[in-house]
Every structure is written in C-alpha cells, then in structure tokens.
Amino acid sequence: MVGIAFIEKMLTLDEAKRYRLVTCGEESHLAYNRVALTDYFQHRSVEKLYLNQVEWYAQQDPERFLFYTGEQATSLDTVAHSVTTNKGRKISYDYCVLATGSESTLPPYVSPVGAERARGIFVYRNISDLDDILSYSEQEHVKGGRAVVVGGGLIGLEAAKAVFDLETISEVVIINRQLFPLSRQLDDEGGEIVLRRIEAMGVRVLTRTSVKDVITSDGVLTGLSLSDDRYLKAEMVIYAIGITPRDDLARLAGLKCVEKGGIVINELLQTSAQDVYAIGECASWKGNTYGLIAPGVEMADILSFNFTQVETGLGGFKPRVMNMPDLSTKLKLMGVDVASFGDYFADKRSVGGVPTSKVAVAEPLTRDKAEKAPDTKPTVWQLSPSETDHSNRAKEGEVAINIVTTETKRGNRQAALDGPTECLTYRDPFSYVYKKYIFTADGKYLLGGMMVGDTSDYVKLVSLVKKKKELEEPPSKFIIGSGSKGSDDGADLDDDTQICSCHNVTKGAISESVKAGITTMADLKAKTKIGAGCGGCVPLATNIFKAEMKKSGQAVSNHLCPHFSMTRQELFSVVKIRKLKTFPGIMEAAGVKKDSLGCEICKPAIGSILSSLYNELVIAPVHHANQDTNDKYLANIQRNGTFSVVPRVAGGEITPDKLIVLGRVANKYKLYTKITGGQRIDLFGAHKQDLPDIWEELVAAGFESGHAYGKALRTVKSCVGTTWCRYGIGDSVGMAIHLEERYKGIRSPHKFKGGVSGCVRECAEAQSKDFGLIATDKGWNIFLAGNGGSNPRHGTLFAKDVPPSMVVHILDRFLMYYIQTADKLMRTARWVEQFDGGIERLKKILLNDELGICADLEREMGELIGTYADEWKAVVDDPARRRQFRQFVNTDEHRSQTEIITERGQERPADWPKQLPPAKLCESNIGTPKSQWEWRKLATIHDLMPTDDATTSAAVKYGDSQLAIFHIPRRGYFATQQMCPHKRAFVLDHGIVGDDMDGNLYVSCPLHKRNFRLTDGKCLNDEDFSIIPFDVKQEGDNLLVLLPDSDNLDAVIGTSKWMVKQASAELASRGGGEGIEIAGVGIGLSESGSACSGGRSACSGGNASLDW
C-alpha cells in the first residue's frame, strides 16, 4: 500500500516528467487494501480491494510507469545501481526505493518451513493467507471445529472476526498474553470493555497465557500446548503476534539493518547505501518500525516531495524530513468501534520521576463505585495493573515507541503540554462504551485519549490535538456533551480537519470535490482515496459528502456605471465571448447609449478588462484614452504633477551594479529616493517630459517597468529563506522572483501583491498580501485575500502543504478567477468577503474544479502571461510614443508646477495647505472682454494625434499660463485652463474625457476626480469649483484658441500666481491672509467667501470632505 501511494504521488508531483518509475510486486495481484482484508471473507473478490482498478494501470504512460506483478526482487547491487528479479530481469536505477513491507511473525517453536508443511497453521497477512484459511476451513475434518487466534492486538481481533463469521467454524478462541486485548491502544478499563463485548459475542478469550507449542498428528494440527500446561484442542490456529520487517533484500546488499528487523533510515528516509531509500513497514527510524498505514503514507509523501519539489523551476525548497508520526487509529474490531488518538498514554508518563496523572470519573459505574476513593479502579475481575505488560515489542499493525520522560517547563503553552496531566473518563459497561480524555493540568489543552463503543467525536478531537489548539469549552463538555446522537455532517469542523487519517484527506478535500464530476461516494473515494484504508472514516465522510451536495448559492449583481447596465463580471463575459477589442466597439455592443464616450468609471474598468484579455499596450492610441493618468503615462502621478519611477526589483533581489544605476539616475534628474514597503526603490519627482529619458537609461541597465502605476501585480515580497537564513525551509527568494516574473504586467480589477516567507517566522508578511506563501516542512501553505491599507485583512489559509510545483496552478486559477469575476476597483480581500459562499466556495471551485473551469483558467493565464512586453521599452524604442510625454506640445520650455524645497538632504514639493479655499474661475474674471480676444495658434492637429476611436489631449503654454486642448471624435476640439482649482494642480490634460447620460462633455481631474464641463467650465460634482473654457477652431493642420493677450490671462490663471509655495501654504494652514489674490484684478479667493457678483468674482464655501 505504501509503495503504490508513493507511485501515485510521484506521478502527480513529477510535472517535469524527470522520473520513470519501475516497480516489482511479488504477488500476482495489483496493489490492494490490506487493511480491509477481513472484507475479503465476505465478497471473495480481490478486485474489490484494488486501490486502483486495472484501467488505471492501462492508462499510465509506460515511459513514466511500469508495474511488474508476480515478480520478486531478489538482489540489489548498490554499486552497479541495479536490481535483479527472480525472473532474471535486471533493472538499472538512479534511485531505489525499498517498500518491501513486513511479514507476520511466527513464534520460535514454529519455523516458516514447519508452518508451510504443517496443515492448520496460518498467519493473517495477505490474500494468499486468506485463501489458504478459507480453503482449509472447508475441509471435512475442520468443519464444525475450533479456530484459535493467537494475539489480541489489532490484527488478532480482525482475524478472529473473520473466522468467527465463517459458517464452517463453530468456535473461536483468542489467546492473549496480556490481561486485556488491544493493550497497545487502550488502558485496562478500555480493554476490559472490549473484552466484555467480545465474550458477549460468544468468543472465548484466554488471557495471561500464551502458546508453548503446537500439537500435530501426521502433519495436521490437533491442538495447542499452553504456557500454564493446559491443552487446547484446535483444528486451526492463526498467529497474529506481530510483524517482522522484510529487510532480507537489504541485508544481502549490505545495507545497515536493525538486529531485530528493519532497514535503518535517516530523517530523509535514506538508507546506508547511496541513492537507496526505504519507506513503510520495512524501514526503521530512530529504532522504531511502524505497522500502521498512516506513517507509511507520510513517508511516501516526504520522499515523493523531496524527489520532485526540492529543486524546481520555482527555486529550491528545504527537503522534508521525517517527524514523529501521528499514531491515532480508529477501527471497528469484533463489531466494536475502537479509537485512540494523540498521546493516549500521556497519563502513564511521569514528570521529574513523580507520577502526574489523576483520574476524574465523569460518571460512576455503580453506586458502590461512586462511594469508593477516586483512585480505586472499578473492575469486574480483580486486577493488578503492574502485571499489565507494556513492553515495546511491535505487534502487527502497531508500533513500538520509546517513552521519554520530560522535565517540567513553566510559563508557556509548551510547559502545559509537557507538564502534569488530568484525565476525564466515562464508562458505561451496559452499552459497552468507554472514553478517557487526557488534558493538561490546567484543562486548556487536549493531549490524547481513547474511545470504545462511541467514536463519533474522534475526528474533532484528533484535530484539536494536532493543532495544539487551546480549548474553547471546559473539558467536562467533551464527555458530557458527547452523548448526543444523530447524523453528524461535520458542520462544526474546520476545513483542514483530517477526516481520513490513512490518506490524510481533509473535510475541505471532500467539500472541494462536490459537484466537480464527483456525484457518488465511489467517485470521491477514487479521487481522494478517502475510505481506501481502514474505512473507519466512511460514515462521517458520507455525511459530509451528502451535506455538501445540498448546498447552493446566489449571485449578486451591480451595474458598472450609468453607461452599462450590467456588472463588471457580466461585461467581462460579453467582451470575452464576442471578442470585442475597443472601447467604442464595447459601447456599441453593450452600452446603454451606443455613441457615449463613457466616464471615469467605465473607461478604466474596460481598459482593465481589455488588458486582462488581450494585454495590448495601454499606450496604443486606441487604448490610451481609457487609462487613468497613472497608466496613461506609465507612472504614478504625484501631488505636484510630477511622476514617480519604480523599476521592478523581483523578490527584492538586486545587484550592486543596478543599485549604482538607480543612484546615478536619481542624481542626474534630482529625484527623491525611498525604499518602498514592497522591497524596491521609488524615485519621485520625475517630470513627465523626462520619463522617456530616465527609462532609456534604466532599460539599458536591464530594468523593466515595476507597474507601480497600474491596477496590476505590484511586488512579491520575500525574506531571504534558504538563500541565507539559518531557519529557512523554502527558497522564498527564488519562489518570489518566479511568481513576480510570471504575473508581472497582468492587469486586474485592483492592484494585487504577493509575499513569500521561507518559514513560519513570516518575515515577508505573506499573510497580509493578496496571495502569500509560507514554507512548512511539507511544502507551502497558501494564504489568499489578505491586504493592508485602511481596512486590513489577514489572509485566509487556502491550501496546506502544497508542493512547490503545484503552487502556480493554484495561484493561476485564483488570480484569473478574480480578474474575471471581481467588481471594479475591488481588492481580493473584499472580493472574497462578498463572494457568495466565501472562501469555502472558492476552495471548491479552484481546488477541486467544482465548475469544471480550472483547466480553462490555467490556460487563459498561460496565454495572458505569454503576451507580456515591457511597456517602457516600447515607449523608449518608439519616437512617436516618446512625443506623448512632452510637457507642452508648442514649446520645449519646462515649467515647474510647485515650489521645490529641501528636506533631509533631498528635494520634494512644498506642502499643500491643510485646507484651500474654494475657487470658481470664470471668463468674466479676465480683464479683457471676450470681444477683444484673438485667435492664436497654439498647436497642430498632429500634436494631439487625434483618432476616430478615442479622445486625445495635450497641454500648451501661453505666456505664463497653461491650457489643455482636447479632441473628441465627431465632437471637435475643446480647450480649458490646465489647472484644477481644487488642489491648484496643472494636470487637466492628463484627465479622462467623458460624458454623462445627458450628453454633457467633461474632463475628470486625475488627482481627485472633480469633473469639469468642457463647454462652460462648471464642476459637475462639486459646486465650489469651476474653470475657464476657451473656444478652439481648426484651420488646416493648425489649432487656434480664442484668447486675450497673455498678460491679462496670466493675471488670472498664470502658473506663478497659482503655484503652491511653502510660505503661502504655511500661512493658509495657520488661517492667515485672504487666500490667493489674482494680481491686477483685485479678486479675492478666500474662505470668508463672497458670492459671484457683477460677473467678476470668485465663490467660496469649501467642502473639506473632498480634501485629503
């Protein structure tokens, strides 16, 4: 079972197809479920026990996997790296994995040869053994006879139940040298309940005795000689007294083995021979061998991970190592449900040599017992606990563990876990129920326990022990509250709660499988392997499966904006299905008014949709007008109208040479420099006209755009991980670089960030990112939908212990699904919070493909990242695109927008006043009547680069004044002042041009979205502001603007008059002065406010809520 588990995991994880797997199995059958051997007595079909059906093997690529049945490996040459089989086949290997399992132990008085020759002596290990038992039980001299099972452990009771159900066997006797059965899983009181139930079935149990010899006549078993000199007549005996690791192949090859059996392995599962590994029951780790399936599957997990995930294209990862396995078990034996979990003998330990366990009886057995002292043990037989043998010899299906006493530690959780214990017990001999739960002395933590008869709380309690989670309820409730019956659908279980311990299947894995083509428990079992081990999890798994099948959700719809009566998600689907590629085409196909320009809401949203689908350059003429200022100029606009330059520094890793380049560029262009929270360097204060030159130098040095300006991936932050850190488990730098390089340039509804931490110390703050990875010793834990900002959210654990090669698959699905379904400007945190069904629904969709779209999402992401091109390189290499970055199209002169001051050795813009007065500028403010204005040539049509599909704009300089000129297809040319009066910023030519449903054309200020009508300058969404519009006409290729002489215009809107200066800002912040005075006009723009009068005035009455 462990061998096929390893093969399945290798086939899944080895996406690079680096390995070819060749395996030999000595049995003629395909891999089957040994834990369910007893079921074979009922259906007699080995095919029903197959872990994978014959079709599965037929579907495998022979270049990746070959399986030889009925062929035993007989020699291992570790020097030549080859294995030889009993059929003379010689198989060369790069790596050899021994999963030879174990064989049933026979007593010293019965040799293997003797057992084969003597008729009636059996072991209970494989299909061949069971066939022999069934065949022998049909013989005439056996029918109606007695079968004896030697051994009262897990396998012994399994064997006893199997022969008990045979019609040919009239009596079954169990011989157990311990006082009670299951002494490796239960204490005396628990064993007593099991013993009572077994005897109630009519099975005789002989305790405190053993078999001294077998008695035969003519080679046929007739009876047994017991250690107390009694004779026990028997027609059949089955030995289930333990297992012996099959290490003969390893011993012949010279591998180091334990004297009593077992191939010695280290924490990486390596044997003493190079490139040879051992897993499962044949392996001995720290002197322990494991007869349970769960530790073997864990070994298969570790080894397959280390073969496929330690070195990948995503960077290195610290190899997983063997840790103390979970030995919790839950089985149905002799018709009795039995379970033990956690440290179920924790109360038998001693701290500092002093016994620490106390037993509190939650419910007395009888009145007599209630009157006894608390430490008096209620019994049916007089017992001496010291006579109970707790030796460390491993029995079949069990494990021998060396118990180590611990020193008391105080002051923290570990002190409680290592310190004294208290027990709560419940015993009901009438219903054959017994429970003992072991807690820390303070009652805050559950350490372990055992159950007989009622194991309904097993999964929940195992989860509490594994998580070392502080209890939210008093310990008594775990006993008192456990009597409730009914169908448990696991509603109160966390998604990461383990339901199947044999194959580590969680509740979340079941939930994720529902409606994903998985409609039956059989399909669920085939997909997840749940129930393919012991089968004890099947009832709860079935209930969870049924509950998940009943769940359903509803969708929420919000219109994008007045121009589109549909959600962003619906519009995304329309654009995708109809293959629309331009804003006018989308408006015509899906808009409310076919000829609308759109607005500052829908234009960027559609720009993002088009980029997410086709990823064409956002600076292309057809897309340029859809972009907000940051995307329009590929840089973040700052409050003084300059821009920031943020090159990509993937994963925060940068060479000294590149650092020098950044320093040289910053010095040359006098840029303010700062290290960002995303581990890169921000250069502030770049003038628009300098951006192409700055980026030319950066591109030449190997830098690319960091997309700090876009609603796109910003950074993937990392710690140093295994690159440098002594605690590192995963290569966080390598993974972060890979993810950042993969998702760079991808537009989304909002910005998104990543983080990768190389261990649980979480130095990269991955849990505060839209996606975050934290390395564990088993892989990566993936956290999703975290963010900082004004409404921070801690990321949600989405998937645990994900192999490195699988990380990209999950993130591809998550990001593409977010891109396709989130609302405009919605971060992943809000998206998940508002998503119908939340994160649990997303798990079903993205982890187990409930909607059948995962392959499509991955394909679409692959296609999208394949379209990447560095946007700044495209600008640098194209003279026409570089022209778009001129400050003024009619002159090469540069004009500062805000006073520059020096602080801490760097230049920065002067402060904005804490509150600026309102400002309504109008044509009547100008001293010269409009009748005296003249047409003045300020630009050509080529300067605006007009198109039929999108609006364009440009800034011009006239004296000390700045104007913005706009071209609107089929509407003509418009002009206004360049300054937005809200924050005195000269930026209106950067704004989005749109219209409302009444047809009003306006420009939206890129800083704070004040919308100014192009025809009369009125602010449509803030009555405290207005701007001056100007008439424009075209003569040939020239554009003429009707203007007064420059002095008169400068007196009203001149740059010098409106430039923010530090002194005036401080004055305004202190509430001094009358505001800003327009020279030569005598108009005060003040907070004291005056109404418009005489056509030559300014208005006030500011709205502070709109200010920063």
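Residues numbered from 1 in each chain as written. Predicted model: local features only at pLDDT ≥ 70, side-chain atom pairs only at ≥ 80, totals over all residues. Heavy atoms only, no water.

Peer 1: How do you make sense of the overall build of the protein chain when you look at a structure like this?
Peer 2: For the protein chain, the helix and strand inventory stands at 34 helices and 58 strands. When burial is assessed residue by residue, the protein chain has 56% of its 1108 residues classed as buried. Of all intrachain contacts in the protein chain linking residues separated by at least 6 positions in sequence, the fraction that spans at least 24 positions is 64%. Surface exposure of the protein chain reaches about 46500 Å², of which carbon and sulfur atoms provide 49%. (Helix = DSSP H or I, 4+ residues; strand = E, 2+ residues; numbered from the N terminus. Buried < 20%, exposed > 50% of the residue type's maximum accessible area, 1.4 Å probe, protein only. Contact = heavy atoms within 4.5 Å. Areas by Shrake-Rupley, 256 points an atom, 1.4 Å probe, with all protein chains shown as cover.)

Peer 1: What should I look at first to understand the nonpolar core in this one?
Peer 2: Here is a general trend for soluble globular proteins: nonpolar side chains tend to be buried in one another's company. Counting residues in hydrophobic clusters, the biggest one holds 133 residues, and the most contacted among them are Tyr124, Met236 and Ile499. In terms of nonpolar packing, the next biggest core, distinct from the first, is built from 78 residues, Ile694, Val699, Cys980 and Phe986 among them. (Core = buried A, V, L, I, M, F, W, Y, C linked by side-chain atoms within 4.5 Å.)

Peer 1: For this particular structure, what's the right way to read the side chain of serine 1004?
Peer 2: Structurally, serine 1004 is set in strand S51 (residues 1001-1004). Within the structure, serine 1004 has its side chain in polar contact with the side chain of asparagine 1011 (distance 2.7 Å). (Polar contact = N/O pair within 3.5 Å; in protein donor to acceptor, adjacent residues only side chain to side chain.)

Peer 1: Even after reading the chapter, I still don't get the sheet that holds strand S33 (residues 643-645), so can you show me in this structure?
Peer 2: Strand order across the open sheet formed by four strands is S32-S33-S35-S34, with antiparallel pairing between neighbours. Every other strand in the sheet has two partners, leaving strand S32 (636-637) and strand S34 (672-675) as the edge strands with one partner each. Bridge analysis of S34 against strand S35 (residues 681-686) gives four bridges, and the strand direction is antiparallel. Bridge pairing links lysine 674 to aspartate 682 in S35. Against the sheet, helix H22 (residues 656-669) makes contact with S34 and S35, and its axis sits at roughly 15° relative to S35, the strand it touches most. Those strands touched by helix H23 (residues 691-700) are S33 and S35, and its axis lies near 5° from that of S33. (Pairing = 2+ DSSP bridges. Axes fitted to C-alpha atoms, helices over the stretch in contact; angles between N-to-C directions.)

Peer 1: Is there a simple way to explain the sheet that holds strand S50 (residues 992-995) in this structure?
Peer 2: Either a parallel or an antiparallel arrangement is found when strands of a sheet pair, and the pairing is made through backbone hydrogen bonds. Reading across the sheet, the three strands line up as S50-S51-S52 and stay open at both edges, with antiparallel pairing between neighbours. One side of each edge strand has no neighbouring strand; the edge strands of this open sheet are S50 and strand S52 (1011-1013). Mean inter-strand twist for the sheet, computed between neighbouring axes without regard to direction, equals 35°. In terms of strand pairing, S51 meets S52 through three bridges, oriented antiparallel.

Peer 1: Looking at this structure, I do not really get the pairing of strand S36 (residues 713-718). What am I missing?
Peer 2: Looking along a regular strand, one sees the side chains alternate between the two faces of the sheet. Across the six residues of S36, six count as buried, placing the element largely inside the fold. As defined by bridge partners, S36 adjoins strand S37 (residues 752-757) across four bridges and the pair is classed as parallel. Counted as the bridge partner of leucine 713 is phenylalanine 752 from S37. Assessed by its sense of winding, the connection that carries the chain from S36 through helix H24 (residues 732-743) to S37 is left-handed. (Right-handed = clockwise from strand over helix to strand, strands pointing away.)

Peer 1: I'm lost on the environment of lysine 1061 in this one. Help?
Peer 2: Mapped onto the elements, lysine 1061 comes out in the loop between helix H33 (1055-1058) and helix H34 (1062-1069). We classify lysine 1061 as partly exposed; its relative accessible area is 38%. Each C-alpha atom, one on lysine 1061 and one on isoleucine 900, is 8.1 Å from the other, the two residues being 161 residues apart in sequence. Not counting the four nearest positions on each side in its chain, lysine 1061 is found in contact with Glu899, Ala910 and Ser1056.

Peer 1: Any chance you could explain empty space enclosed by the protein here in plain terms?
Peer 2: Regions of empty space are outlined by a rolling probe, equal in size to a water molecule, passed over the atoms. Across all of its chains, the model carries ten cavities of 30 Å³ or more by this definition. Roughly 130 Å³ of volume is contained in the largest cavity. Every residue lining the largest cavity is counted, 13 residues in all, and those nearest its centre are Gly641, Lys688, Gln689, Gln887 and Gln897. Residues belonging to the lining of the largest cavity are distributed by class as follows: two nonpolar, nine polar and two charged. What the second largest cavity holds in volume is close to 70 Å³. Lys581, Gly607, Leu610, Ser611, Tyr614, Asn615, Glu616, Val618, His623, Asn626 and Gln627 are the residues that line the second largest cavity. With three residues, helix H19 (residues 602-613) is the single largest residue contributor to the lining of the second largest cavity. Taken together, the residues of the lining of the second largest cavity sort by class into three nonpolar, six polar and two charged. (1 Å grid on protein atoms, 1.4 Å probe; cavity = no way out; pocket = protein on both sides within 12 Å on 5 of 7 lines; lining within 4 Å. Points joined across faces, edges and corners; volume = space filled by probe spheres on them. Nonpolar A, V, L, I, M, F, W, Y, C, P; charged D, E, K, R; others polar.)

Peer 1: Which parts of the structure should I look at to understand helix H28 (residues 854-865)?
Peer 2: Every α-helical turn comprises 3.6 residues, leaving residues that sit three or four positions apart pointing alike. Taking 1.5 Å of rise per residue, the twelve residues of H28 would be expected to cover 16 Å, and the 17 Å separating its terminal C-alpha atoms lies within 8% of that figure. Of the positions making up H28, those classed as buried are Cys854, Leu857, Glu858, Glu860, Met861 and Leu864. Projected down its long axis, H28 carries its buried residues within an arc of 165°, all on one side. Buried residues along H28 sit in contact with helix H17 (568-578), H19, H24, helix H25 (804-821) and helix H27 (838-847). (Expected span 1.5 Å × (residues − 1). Arc of directions from axis to C-beta.)

Peer 1: Quick question: what am I supposed to make of the pattern of salt bridges here?
Peer 2: Two side chains carrying opposite charge are able to pair once their charged atoms lie near each other. Scanning the model with the defined rule gives 60 salt bridges in all. Measuring nitrogen to oxygen at the nearest pair gives 3.8 Å for the salt bridge that ties arginine 883 to aspartate 943. Here arginine 883, found in helix H30 (residues 879-883), pairs with aspartate 943, found in helix H31 (residues 941-944); they are 60 residues apart in sequence, far enough to count as distant. Linking glutamate 934 and arginine 936 is a salt bridge whose minimum nitrogen-to-oxygen distance equals 3.8 Å. Put simply, Lys576, Asp856, Arg859, Glu860 and Glu863 are held in one network by salt bridges that share partners. (Salt bridge = Lys/Arg side-chain N within 4 Å of Asp/Glu carboxyl O.)

Peer 1: Can you help me understand the packing of aromatic side chains in this one?
Peer 2: Each aromatic ring pair is summarised here by two numbers: the centre-to-centre distance and the angle between the ring planes. Applying the stated criterion across every chain, the model contains 31 aromatic pairs. With centroids separated by 5.7 Å and ring planes inclined at 55°, the aromatic side chains of phenylalanine 814 and tryptophan 831 adopt a geometry described as tilted. In this pair, phenylalanine 814 is assigned in helix H25 and tryptophan 831 in helix H26 (residues 828-834), connecting sequence segments 17 residues apart. Given a relative accessible area of 3%, tryptophan 831 falls into the buried group. Of the aromatic side chains, those joined through ring pairs into one cluster are Phe6, Tyr19, Tyr95, Tyr277 and Phe307. The ring of phenylalanine 583 has lysine 603 sitting right over it, with the charged end atom 6.0 Å from the ring centre. Seen from the ring of tyrosine 727, arginine 761 lies directly overhead, with NZ or CZ sitting 3.5 Å from the centre. (Phe/Tyr/Trp six-rings, centres within 6.5 Å; stacked < 30°, edge-to-face > 60°. Lys NZ or Arg CZ within 6 Å of the ring centre and 35° of its normal.)

Peer 1: Looking at this structure, how should I read the packing of H17 against helix H18 (residues 583-590)?
Peer 2: The geometry of a pair of packed helices is captured by two quantities: the angle between their axes and the separation between those axes. As a packed pair, H17 and H18 sit with axes 11 Å apart at the nearest point and diverge in direction by 110°. As far as their axial angle goes, H18 and H17 are roughly perpendicular. Facing H17, whose interface residues are Leu571, Val574, Val575 and Arg578, H18 presents Ile586, Ala589 and Ala590. Of the residues that constitute the contact of H17 with H18, the class distribution is six nonpolar, no polar and one charged. (Parallel < 35°, antiparallel > 145°, perpendicular 65-115°, else oblique.)

Peer 1: Please clarify how the confidence of the model for the protein chain should be interpreted in this entry.
Peer 2: The predicted coordinates should not be examined in detail at positions where pLDDT is low. Summing up the model confidence of the protein chain, the mean pLDDT is 84 and the portion of residues at 70 or higher is 87%. Below pLDDT 50 for its whole length, residues 350-411 participates in 119 contacts with residues either more than four positions away or in separate chains. With pLDDT under 50 throughout, residues 552-557 is counted as low confidence; its partners more than four residues away or in other chains account for six contacts. (pLDDT = per-residue confidence, 0-100.)

Peer 1: Help me understand the pairing of strand S22 (residues 329-333) in this model?
Peer 2: Within S22, four of the five residues are buried, which leaves it mostly tucked inside the rest of the structure. Sheet topology places S22 next to strand S23 (residues 336-342); five bridges connect them, and they run antiparallel. Considered in S23, the bridge of lysine 330 is made with alanine 339. Between the antiparallel neighbours S22 and S23 lie two residues, among them methionine 334 with a positive phi of about 55°.

Peer 1: Quick question: what am I supposed to make of unusual backbone geometry here?
Peer 2: Most peptide bonds are trans, and most residues other than glycine sit at a negative phi. Even without being glycine, lysine 17 reaches a positive phi, approximately 55°. As for its placement among the helices and strands, lysine 17 is situated in the loop between helix H1 (2-13) and strand S1 (21-25).

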